[in-house]
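Fold and geometry: a report
Residues per chain are reported as follows:
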Amino acid sequence: MDLRITLPSVPPLWREGFFGLEAASLMRSPVWRGAGQAPGDGRGVVLIPGFLAGDSSLGIMTRWLRGLDYHTHKAGIRAHVDCSAAVCRSLETCLERMADKTGGPVAIVGQSRGGIIARALAVQRPDLVSGIVTLGSPVRGMFDVHPVVIGSIAAVGTLGTLRVPHLFSFGCMFGSCCSEFRESLQSQAFPETVGYTAVYSKRDGIVRWRACLDPCADEHVEVASSHCGMSVHPDVYTVVGRSLAAFGHADDVPVWADWARAA
């Protein structure tokens, strides 16, 4: 009888060291200069960063989208460690303002925890969301991540439980505080009017890639990127641009952004 115990696989954290190479690859890629991308025509996009990250982590993607004539808006997050329900409330207000300003529903691009928030918002306010793109987001298991990240989650949860302001607590994760958020995240009644592209990578060093495969997504797209590198990987930018164009029913007409043409 075989008594060996099979331990769950741990994402290869060392692969996150390729971030710099991935960013360099983006700068050399035609997609960075707008090749093959449809114009944004002023449509709204909100970008939500991942756990422990701030808006600046998606700064390069924000610049690229603005070059394609999207009307982008930051999530207003310095470090994504606040209560999920509070983040959703804040971003719901942001979406309402963006929809008024742009004249229509807004797309959301969320990396890691940001994609988890995006999915919940799409369920709660489908009238405000045209579509979501999740980048390495463990929507099928928020804790299906590397043990190092679990440790960081536990540390933040402990401080939040001790009432350090603007940090989520264990009540947020398991109690009634974020029960509506968790229901929205787990809901299988995803709105048909909202597009949904889930991006994942088998090279992800932080999130177990299978946790990113949401059965409610319209499509799952695999990229050869690290987890953090999804914010700067050329393949991801191609997917994001194509998805946003589809959400906005844009013509597939290539555009070259003026600021990037000379890059």
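Here goes a summary of the coordinates provided. (Residues numbered from 1 in each chain as written. Predicted model: local features only at pLDDT ≥ 70, side-chain atom pairs only at ≥ 80, totals over all residues. Heavy atoms only, no water.)

**Some thoughts on the pairing of strand β4 (residues 129-135)**
- Counting buried residues along β4, 7 of its 7 residues qualify, which places the element largely inside the surrounding structure.
- In terms of strand pairing, β4 meets strand β5 (residues 195-200) through 5 bridges, oriented parallel. Looking at the pairing, I132 lines up with Y196 of β5. (Buried < 20%, exposed > 50% of the residue type's maximum accessible area, 1.4 Å probe, protein only. Helix = DSSP H or I, 4+ residues; strand = E, 2+ residues; numbered from the N terminus. Pairing = 2+ DSSP bridges.)

**Topic: the packing of aromatic side chains**
- Scanning the model with the defined rule gives 5 aromatic pairs in all.
- Seen in terms of ring centroids, W64 and Y237 are 4.8 Å apart; in terms of plane orientation they differ by 55°. Their pairing is tilted. Pair noted here: W64 is in helix α2 (residues 59-67) and Y237 is in helix α8 (residues 234-247), with a separation of 173 residues, a long-range link.
- By relative accessible area, which is 1% here, W64 ends up buried.
- By relative accessible area, which is 0% here, Y237 ends up buried.
- Judged by centre distance (5.6 Å) and plane angle (20°), the rings of Y200 and W209 are stacked.
- When its relative accessible area of 11% is taken as the criterion, Y200 is described as buried.
- The ring of W209 has K202 sitting right over it, with the charged end atom 4.8 Å from the ring centre. (Phe/Tyr/Trp six-rings, centres within 6.5 Å; stacked < 30°, edge-to-face > 60°. Lys NZ or Arg CZ within 6 Å of the ring centre and 35° of its normal.)

**Considering the sheet that holds β4**
- Taken together, 6 strands build an open sheet; the order of strands is β2-β1-β3-β4-β5-β6 and the sheet is parallel. Of all strands in the sheet, those bounded by a partner on one side alone are β2 (71-74) and β6 (219-222). Sheet twist, expressed as the average angle between the axes of neighbouring strands with direction ignored, equals 20°.
- In the sheet, strand β3 (residues 106-111) pairs with β4 via 6 bridges, with the strands oriented parallel. Following the sheet pairing, Q111 is matched in β4 by L135.
- Running over the sheet, helix α4 (residues 113-124) touches β1 (44-48), β3, β4 and β5 and is turned about 145° from β3. (Axes fitted to C-alpha atoms, helices over the stretch in contact; angles between N-to-C directions. Contact = heavy atoms within 4.5 Å.)

**A word on the nonpolar core**
- Residues I48 and L91 are the most contacted members of the largest nonpolar core, which totals 48 residues.
- The element that contributes the greatest number of residues to this core is helix α3 (residues 84-102), accounting for 8 residues.
- Not counting the four nearest positions on each side in its chain, L91 is found in contact with V46, I48, A75, I117 and L121. (Core = buried A, V, L, I, M, F, W, Y, C linked by side-chain atoms within 4.5 Å.)

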